[in-house]
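Below are the chains, spelled out letter by letter.
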Amino acid sequence: MTSTGAEGAQHRAGQPDSPPLTPTTLTPGKPVRLASGALIAEVQPGCGARLSRLARRDTRGDLFDYLVPLGDAPFSSDEWPKAGAFPMLPYTNMLRDDTLHWRGRTIAVHEAPVASSSLHGWGLRREWEVVDESPHCCVLQLNCPAQPAWPWHYQAYLSVTLDEHGLDMQLSLTNLSAQEMPAGLGLHPYFRWPAGARLTFESEALWRSPSEAIRWPSEQRVHVGPMEVVSVGGGLDTGGRSTWFAEVPAESGRFEARIDYAGGLRAATVRSDNATWLVLHSPAGRPYLCLEPSTHRVGEFDNDHVVLGHGQTLDLSMRIDLA
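Since the model is a prediction, treat every value here as computed from it, not as a measurement.

Caption draft 1: Structural view of the overall build of the protein chain. The helix and strand tally for the protein chain stands at 0 helices and 25 strands. Radius of gyration (C-alpha) of the protein chain: 19 Å, near the 20 Å computed for a compact globule of 323 residues. Overall, the C-alpha framework of the protein chain stretches about 55 × 45 × 40 Å when taken along its three principal axes. Within the protein chain, the proportion of its 323 residues that are buried is 56%. For the protein chain, long-range pairs separated by at least 24 residues make up 68% of all intrachain contacts whose partners lie at least 6 apart in sequence. Summed over its atoms, the accessible surface of the protein chain is roughly 13500 Å², and 48% of this surface lies on carbon and sulfur atoms. Distance from the positive charge centre (27 side chains) to the negative charge centre (37 side chains) of the protein chain: 4 Å.

See below:
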C-alpha cells in the first residue's frame, strides 16, 4: 500500500501558508467530461473531486445512470447530496468524538464552525486542481498544508480513467511533513438501488453496529462467505440497520461486489485489490447503495491505520465494471 519518492516530498509541515477554511457552500461548475464507447463520466473538481455522473448511452440516445447523478444545485459542504462518488482522506468515515489520539496527543479533527463533524475527512469538501486531462482520463491534485485540525502537510492525487468496459479510480496520499503521519483512504460511491436490484458479495466476516444510533461496528463478528441482498427500495436488513462493515476475504485478499438491476440488462461490479474493509450503506426508504472500499476499520483509526514517513504514499484503487 505504501511507496516512497512521491512528488513534492521536499515540502515540510507547517511551512506553507495555511489554507482557507473549508467553504460553506460548494457549487458544481463545468465538469470534466470523459467518454469511451457508450459510457460517459463527469468529474467536478470544485466539489471535492467528485465523480458526478457515470452512465451508459443506448442506441436511442437514452442514458442509464449507474450512480445517482449529482445535479447542478449548490450544496453545503457539511450536508452534501447523496450522489456521485467522492474520495475520503486523510481517513475514512468518522473518528470517535471527532478526536484523534496520536502518540500522547489529543487532536480535535473537525473544522468548526464550517463542519459539524469530521465525517469523511476534507477531500470531499475542498476544490481540487486538474493537473492532466484527456478524452478518457483526468488527474486531480489536492495540496493540504498543516493546520490545527490535522497538523501534517499532505498531498493527494486522484486519477479517473474510463474505458468501454468501466471506470478506474486511483487515489493516493503522500505525507510531506517531516514527522510521521497516520493515514487512511476510502472511496464513496452512491449506486442507484431501486426495488428489485440484487447485491452479491463475499467477505471474511460481517460486522454490524448495534443500532442506527451507533455508527461503529459492534464486537459481534459473524463469518459470512457469499451473501445476497435484494433491494426493496433501500435498506440492508430487517433489523432496520443501514450499515454493514465487511472484512476483506482472506483467501483472495480482494473485494468484489456486484449489483444486478431488475430485468438483468444492466449490472455494476466493484473491485478493490488494496482495501481491507468494505462499508455497505443503504438507509431504509432511500434508493441508493454505497459500496465503500477503505484502508482501515470505521471508528478504530487510533489503532487501525497506516503510518507514513516523510515522502511515503498510501494508495487505494477501485474498479467499476459496467454491463
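Caption draft 2: A look at the nonpolar core. Counting 70 residues, the largest nonpolar core has W150, L199 and L291 as the members making the most contacts within it. Setting aside chain neighbours within four positions, we find L291 in contact with L187, P189, F191, L199, A257, I259, V270, L278, V279, L280 and M318. A83, W207, W216 and Y288 belong to the second-largest nonpolar core, a separate cluster that totals 21 residues.

Caption draft 3: A look at the pairing of strand β10 (residues 105-108). One ladder, built from 4 bridges, connects strand β9 (residues 99-102) with β10; its direction is antiparallel. Within the sheet, the bridge partner assigned to L100 lies in β10 and is I107.

Caption draft 4: Up close: unusual backbone geometry. The step from L89 to P90 runs through a cis peptide bond, and the omega angle for that step is 5 degrees. The topology assignment puts P90 in the loop between β8 (85-88) and β9. Even without being a glycine, D97 presents a positive backbone phi close to 60 degrees. Along the chain, the position of D97 falls in the loop between β8 and β9. Residue D97 is classed as exposed on the basis of its relative accessible area of 72%. Phi at R103 is positive, roughly 50 degrees, even though this residue is not glycine.

Caption draft 5: The arrangement of the packing of aromatic side chains in detail. Per the stated rule, a full pass over the model turns up 13 aromatic pairs. Measuring from ring centre to ring centre gives 5.9 Å for W80 and F86, while their planes differ by 75 degrees; the resulting arrangement is edge-to-face. Under the relative-accessibility criterion, W80 is labelled buried at 7%. We classify F86 as buried; its relative accessible area is 1%. With a centroid separation of 6.0 Å and an interplanar angle of 85 degrees, the aromatic rings of W102 and W152 are classed as edge-to-face. One end of the pair, W102, is in strand β9; the other, W152, is in the loop between β12 (137-144) and β13 (154-163), and 50 residues separate them in sequence. In this structure W102 comes out as buried when scored by relative accessible area, which is 7%. Given a relative accessible area of 2%, W152 falls into the buried group. Taken together, Y91, W102, W122, W150, W152 and F301 form an aromatic cluster joined through their ring pairs. Here the guanidinium or amino end of R192 rests over the ring plane of F64, the centre of that ring lying 5.0 Å away. Over the ring of W244 we find R208, and its NZ or CZ is 4.8 Å from the ring centre.

Caption draft 6: Main features of the pattern of salt bridges. Enumeration over the complete set of coordinates arrives at 16 salt bridges. With its nearest N and O atoms 3.7 Å apart, the salt bridge here joins D260 to R198. Pair noted here: D260 is in strand β20 (residues 255-260) and R198 is in strand β17 (residues 198-208), with a separation of 62 residues, a long-range link. A relative accessible area of 14% means that D260 is categorised as buried. You can call R198 partly exposed: its relative accessible area is 31%. Close ionic contact of R271 with D321 constitutes a salt bridge, the shortest N to O distance being 2.2 Å. Remark: D321 occurs in strand β25 (residues 313-322) and R271 occurs in strand β21 (residues 267-272); sequence separation between them is 50 residues. Assessed through its relative accessible area of 22%, R271 is described here as partly exposed. Note on D321: relative accessible area 23%, which makes it partly exposed. Shared partners join several salt bridges into a network, and the residues in it are D163, D168, E256, R271, R319 and D321.

Caption draft 7: Structural detail: the pairing of β8. Side chains A85 and P87 of β8 all project onto a buried face; the interleaved residues F86 and M88 project onto the opposite face, where all are buried too. As paired strands, β8 and strand β16 (residues 186-192) are joined by 4 bridges and run antiparallel to one another. In the sheet register, P87 faces β16, and the bridge partner there is L187.

Rules of the game
- Here, residues in each chain are numbered from 1, in the same order as that chain's written sequence.
- pLDDT decides what is reported in this predicted model: residues at 70 or higher carry local features, side-chain atom pairs at 80 or more are listed and counted, and totals for whole chains, interfaces and linings draw on all residues regardless.
- Computation of side-chain values covers all heavy atoms of the structure but excludes hydrogens and water.
- We count a stretch as a helix when DSSP gives it H or I for four or more residues in a row; a strand needs E for two or more, and each element gets its number in order from the N terminus.
- With the radius of gyration taken over C-alpha atoms, the globule rule is written as 2.2 Å times the number of residues to the power 0.38.
- Exposed residues in this analysis have more than 50% of their type's maximum accessible area, buried residues have under 20%, and partly exposed residues fall in between, with area computed by a 1.4 Å probe over protein chains only.
- Contacts were defined at the residue level, with two residues in contact if any of their heavy atoms lie within 4.5 Å.
- Surface accessibility follows the Shrake-Rupley procedure with a 1.4 Å probe radius. Residue values consider only the protein chains on display as shielding.
- Only four residue types enter the charge count: Lys and Arg as positive, Asp and Glu as negative, with His and the chain ends excluded.
- Charge positions come from single atoms, namely NZ of Lys, CZ of Arg, CG of Asp or CD of Glu.
- Grouping buried Ala, Val, Leu, Ile, Met, Phe, Trp, Tyr and Cys residues that are joined through side-chain atoms within 4.5 Å yields what is termed a nonpolar core.
- We call two strands paired when DSSP finds no fewer than two bridges between them.
- Ring pairs are drawn from Phe, Tyr and Trp, using the six-membered ring of Trp, whenever the two centres fall within 6.5 Å, and their geometry is named by plane angle: stacked under 30 degrees, edge-to-face over 60, tilted for the rest.
- Whether a charge sits over a ring depends on NZ of Lys or CZ of Arg being within 6 Å of the ring centre and within 35 degrees of the ring normal.
- What counts as a salt bridge is simple: a side-chain nitrogen of Lys or Arg found within 4 Å of a carboxyl oxygen of Asp or Glu.

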